[in-house]
Amino acid sequence: MIELTIDTQSIAVEEGTTILQAAKQHKIKIPYLCNYRLLEPFGGCRVCLVQVKDNPRLLASCTTPVTGGMEVITTSPEIHKARRFVLELLLSDHDCRCITCEKNGACKLQRLAYEYGIEEPRFQGEKRNYGIERDNPFLERDHDRCILCGRCVRVCDQIQGIGAVDFSRRGFKAKISTAYDQPLSCIFCGQCLYACPTGAISSKLARFGGRVWELDGVASVCPFCGCGCNMTFHVKDNRIVKVSPVPDTSVNQSSLCVKGSFGYDFISHPDRLKKPLIKENGEFREATWNEALDLVASRLRETKQQHGPDSIGGLSSAKCTNEENYLFQKFMRAVIGTNNVDHCARLCHASTVAGLAAAFGSGAMTNSIADIEQADVLFITGSNTTEAHPIIGLRVLSALKRGAKLIVADPRRIRLAHKATVWLQQKPGSDVALINGIMAVILREGLENKEFIQSRTEGFEQFAKIMAEYSPEMASEISGVPADKIVEAARLYAAANRANILYSMGITQHVAGTAIVKSLANLAMLTGHMGREGCGVNPLRGQNNVQGACDLGALPNVYPGYQKVADEGLRRKFEQGWGVTLPEQPGLTVVEMMKAAEAGQIKALYIMGENPFLSDPDQNHVKKSLENLDFLVVQDIFLSETAQFADVVLPAGSFAESDGTFTNTERRIQRLRKVVDAPGEARPDWQILSDLARRLGYQMSYNSPAEVMDELAGLTPIYGGINYGRLNGEGLQWPCPDSSHPGTPILHREKFSRGLGKFSPEHFAPPPEWPDAEYPFILTTGRYLFHFHTGTMTRRAKGLHQVCPEGRLQLNPEDAQQLGVADGDEVTVRSRRGQIQIRAEVTENIGRGVVFAPFHFKESPANALTIAELDPIAKIPELKVCAVAVEKICVESANANP
């Protein structure tokens, strides 16, 4: 610690701290413009000048490190004069039309001019006149209000690693510009918007929406991916004007991605459902709540009486809150009397729950998001992190800046592959063979952690015996990855002091998903990279509350807290808690429900916040299943593709229109708060469920979601210490068993949840389909940065849809040449289950014989092609590998048969 004095106040700070940082830590005010908490010191604006004893010059406090015994003065006539002079120079060619400036009242330059009494610029002369750039859907850039502080340049480079803008020209003509003054084309994260201290950069969505003093700020959580970013919604007259990141949180560190920054206008979209709808003679008509709920209750009661409770199925939602997921599974079990309840985790992370639970005893992310930066080596597989989880991607980029090494295994050359020490471009579906090859090298070269294996694990002997059957050459033959690359990756991962595995749906959405997850768990245990900072096996959840929906029992085989429905003692606990007799046998998964509906065994289906027509595999099969139901009720915020099949549609409130909690990918339970009122007669899901339960003779009476949380905490040990009073800050990570427990950032520190970690050797098994003469390509699917899941929300966000209006089929240039396909051509993609039409994107970022399509777009639904065959353990379908044919659409035939 370094001791110094600032304005006669004695303080002590860590070595390497600057004067400005020291002053901030001790609430001593020093003005500044170019300094930004996320960035390295810059020293550009000279507003933060201070005096240091025995130094004849004024020093920039943001770049001057403290020294022992330093005496600093922050205010004096000389300092005041120098700062005022700097401000007058900045204002000399600044556009001072504050009346219409979006930053009026929040502009740092305006505030400092006021504090230093500058009524008019002293220096008059030529003004810059660059005008306003409005050439992208999200931002306006007014160069005449720019003070050249460089915050936007530096945040784009140092934090995002993009470098979309930089200083250009010289002297008076200097400006912040893109290369050659081209329109701004970047990932539109909004970092420059949040960093800008003046009105030089403003949000188009917020334009003329309200002054800063007119807006009410409501802290909540982002509704998109599993990162769970903390954000503030700024509201005026029941309308969200803009959002901003909550500063310096452990989850998102003052950052948001493009969806978090600019994807919120779906909340007020005119397509929002406002009244219940009942279908009569194939057409929807508006109805009252009493009429709609009475009809739903009557039809569910009738179905249960005639065909039994197991003729009814329910799909809960990873978009809904923990409280709503808890009530939905309670409704299906306690009111309907069936365990036929599932949600979209079946299509993404069910294999994680099964695989990690078998290996460790807990099917969740072992470490925290912040831990990523502590790793020496990161192994990322099946995750396009910078697009699917952009804020976690920033943690990866930060770790690389600190010197971490990166291994990427992905069939596509994703952005992180360009930064990887080792890129393993495996054939889709060959992951088990690839990971086994890596572990075989580690064992062959004696790189395993023998002490960890002996003291913390079981089953190693059988595991090692089976791994001896593999070699890097064998793994190379199956995966297509060169053997020397496999050896290099094995040595790099095993030699690290701290190695962290990150994976997502590129691993889990296979019929072999559980086997792949177990293999990754084997790799971490083999090297002892478990139970410590910077280590672990860390699945990145796809949606905002996939983790919470699983935690709270929206699965057919477990109650909340992963307590098995087949366990008689646990079943009795819930029977006592809910006051009913519960079914003994596990229920059907979402894919099994669809098959049962097509077979006539499921007669009625209740869907809350899910869109299986686009998200489930084999879309033609899903269509037949939905059409074959006797009764379908859909509860959603929009008339989704699935809702169009419904007999009754119930208008629900969005995440912004109710209180509740989400659990993010690192097991962090966080509060979301009501931001605006729901449109029309839409209601929060928890109120709809409670009302419907009462109409079916079961009392669900809650005054608020907080009461639901209290009930579920009493039945769910891992949430036992959670209540709303403890969630006012950054939330808590489960397990949190009692009200005094601080939460658990890292699992399995001293021992695994199951006691000893279990090695489970897995053999490679080929996917259900490999390419053949008729279908010569492997199709793999995934996400785009600008869209999310089935696009129900993001395609109604104007800017997101404008910048990415359609899906494209990525294919290799050599394959494209053989097919006679040019970039932008329309092609037909056929599988054994269906076909779609889509434009081609010819790119070297994908290997020969492999094509990629996103699943967001109803016009080109990738899941019309995918396979509904199930993983035998987690019962997850194959969504990442299917054999397809690609054909160019001739203009003549397209005109003849549109």
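Engineer: For this particular structure, what's the right way to read the overall build of the protein chain?
Structural biologist: Across its full length, the protein chain carries 29 helices and 40 strands. At 29 Å, the protein chain has a C-alpha radius of gyration in line with the 29 Å of a compact globule built from 898 residues. Each of the three principal axes of the protein chain carries a C-alpha extent, and together these read 90 × 70 × 70 Å. Split into buried and exposed, the 898 residues of the protein chain put 63% on the buried side. Here the analysis covers contacts within the protein chain between residues at least 6 apart in sequence; of these, 72% occur between residues at least 24 apart. Accessible area for the protein chain stands at about 33600 Å²; split by element, carbon and sulfur atoms hold 48% of it. Here the protein chain holds 99 positive side-chain charges and 103 negative ones, and the gap between their average locations is 4 Å.

Engineer: Any chance you could explain the packing of helix α8 (residues 322–336) against helix α25 (residues 685–695) here in plain terms?
Structural biologist: Between two packed helices, what matters for the description is the angle formed by their axes and the separation of those axes. Where α8 meets α25, the closest approach of the two axes is 9 Å, and the angle between their N-to-C directions is 15 degrees. Taken together, α8 and α25 sit at an angle that is classed as roughly parallel. Every pair of crossing elements has a handedness; the one defined by α8 and α25 is left-handed. Mapping the contact onto sequence places Glu324, Leu327, Phe328, Phe331 and Val335 in α8 and Asp685, Trp686, Leu689, Ser690, Leu692 and Ala693 in α25. Looking at side-chain class alone, the contact of α8 with α25 contains eight nonpolar, one polar and two charged residues.

Engineer: When you look at the sheet that holds strand β12 (residues 230–236) in this model, what are you seeing that I'm missing?
Structural biologist: Paired through backbone hydrogen bonds, the strands of a sheet run either parallel or antiparallel to each other. The strand order across the open sheet formed by three strands is β11-β12-β13, and the pairing between neighbours is antiparallel. The open sheet has two free edges, formed respectively by β11 (216–221) and β13 (239–245), since each of these has just one partner strand. The sheet shows a mean angle of 30 degrees between the axes of neighbouring strands, direction not considered. In terms of strand pairing, β11 meets β12 through six bridges, oriented antiparallel.

Engineer: Would you explain the packing of aromatic side chains in this entry?
Structural biologist: How two aromatic rings sit relative to each other is set out by the distance from centre to centre and by the angle between their planes. Under the definition given, this model contains 21 aromatic pairs. Put simply, the rings of Phe224, Phe233, Phe266 and Phe655 pair up and form one aromatic cluster. For the cation-ring pair, Arg667 lies above Trp734, with the distance from its terminal atom to the ring centre recorded as 5.7 Å. Seen from the ring of Phe638, Arg796 lies directly overhead, with NZ or CZ sitting 4.2 Å from the centre.

Engineer: So what exactly am I meant to see when it comes to the nonpolar core here?
Structural biologist: Ile240, Leu300, Phe331, Trp578, Leu692 and Tyr719 are the most contacted members of the largest nonpolar core, which totals 140 residues. Among the elements that make up this core, the one with the highest residue count is α8 (eight residues). Once residues lying within four places of it in the same chain are set aside, the contact partners of Phe331 are Leu300, Ile336, Tyr606, Leu689, Leu692, Ala693, Leu696 and Met700. Listed in part, the 50 residues of the second largest apolar core include Ala359, Ile435, Ile516 and Val517.

Engineer: Quick question: what am I supposed to make of the pattern of salt bridges here?
Structural biologist: A side chain with one charge may pair with a side chain of the opposite charge, provided their charged atoms come close. Counted under the stated rule, the structure contains 49 salt bridges. Of the charged contacts in the structure, one is a salt bridge between Glu140 and Arg134, with a shortest N-O distance of 3.1 Å. For Arg134, a relative accessible area of 48% gives the class partly exposed. Close ionic contact of Arg848 with Glu814 constitutes a salt bridge, the shortest N to O distance being 3.1 Å. Taken together, the positions of Arg848 in the loop between β36 (835–842) and β37 (850–854) and Glu814 in helix α28 (residues 813–819) put the pair 34 residues apart, joining distant regions of the chain.

Engineer: Help me out: how do you make sense of the sheet that holds strand β14 (residues 277–280) in this one?
Structural biologist: Read from one edge to the other, the open sheet built from seven strands follows the order β15-β14-β28-β27-β26-β16-β17, with strand pairing classed as mixed. Unpaired on one side and paired on the other, β15 (283–286) and β17 (341–342) mark the two borders of the sheet. Relative to strand β26 (residues 604–608), α25 is tilted by about 150 degrees, and along the sheet it contacts β26, β27 (631–636) and β28 (648–651).

Engineer: Can you walk me through the pairing of β28 in this structure?
Structural biologist: Looking along a regular strand, one sees side chains alternate from face to face of the sheet. With burial as the criterion, each face of β28 is covered, one bearing Val648 and Leu650 and the other bearing Val649 and Pro651. The sheet contact formed by β27 and β28 spans four bridges and is parallel. Looking at β28, one finds that Gln635 is bridged to Leu650.

Thresholds applied
- Residues numbered from 1 in each chain as written.
- Predicted model: local features only at pLDDT ≥ 70, side-chain atom pairs only at ≥ 80, totals over all residues.
- Heavy atoms only, no water.
- Helix = DSSP H or I, 4+ residues; strand = E, 2+ residues; numbered from the N terminus.
- Rg over C-alpha atoms; globule rule 2.2 N^0.38 Å.
- Buried < 20%, exposed > 50% of the residue type's maximum accessible area, 1.4 Å probe, protein only.
- Contact = heavy atoms within 4.5 Å.
- Areas by Shrake-Rupley, 256 points an atom, 1.4 Å probe, with all protein chains shown as cover.
- Lys, Arg positive; Asp, Glu negative; His and termini not counted.
- Charge placed at Lys NZ, Arg CZ, Asp CG, Glu CD.
- Axes fitted to C-alpha atoms, helices over the stretch in contact; angles between N-to-C directions.
- Parallel < 35°, antiparallel > 145°, perpendicular 65-115°, else oblique.
- Left-handed = near helix turned anticlockwise from the far one by under 90°.
- Nonpolar A, V, L, I, M, F, W, Y, C, P; charged D, E, K, R; others polar.
- Pairing = 2+ DSSP bridges.
- Phe/Tyr/Trp six-rings, centres within 6.5 Å; stacked < 30°, edge-to-face > 60°.
- Lys NZ or Arg CZ within 6 Å of the ring centre and 35° of its normal.
- Core = buried A, V, L, I, M, F, W, Y, C linked by side-chain atoms within 4.5 Å.
- Salt bridge = Lys/Arg side-chain N within 4 Å of Asp/Glu carboxyl O.

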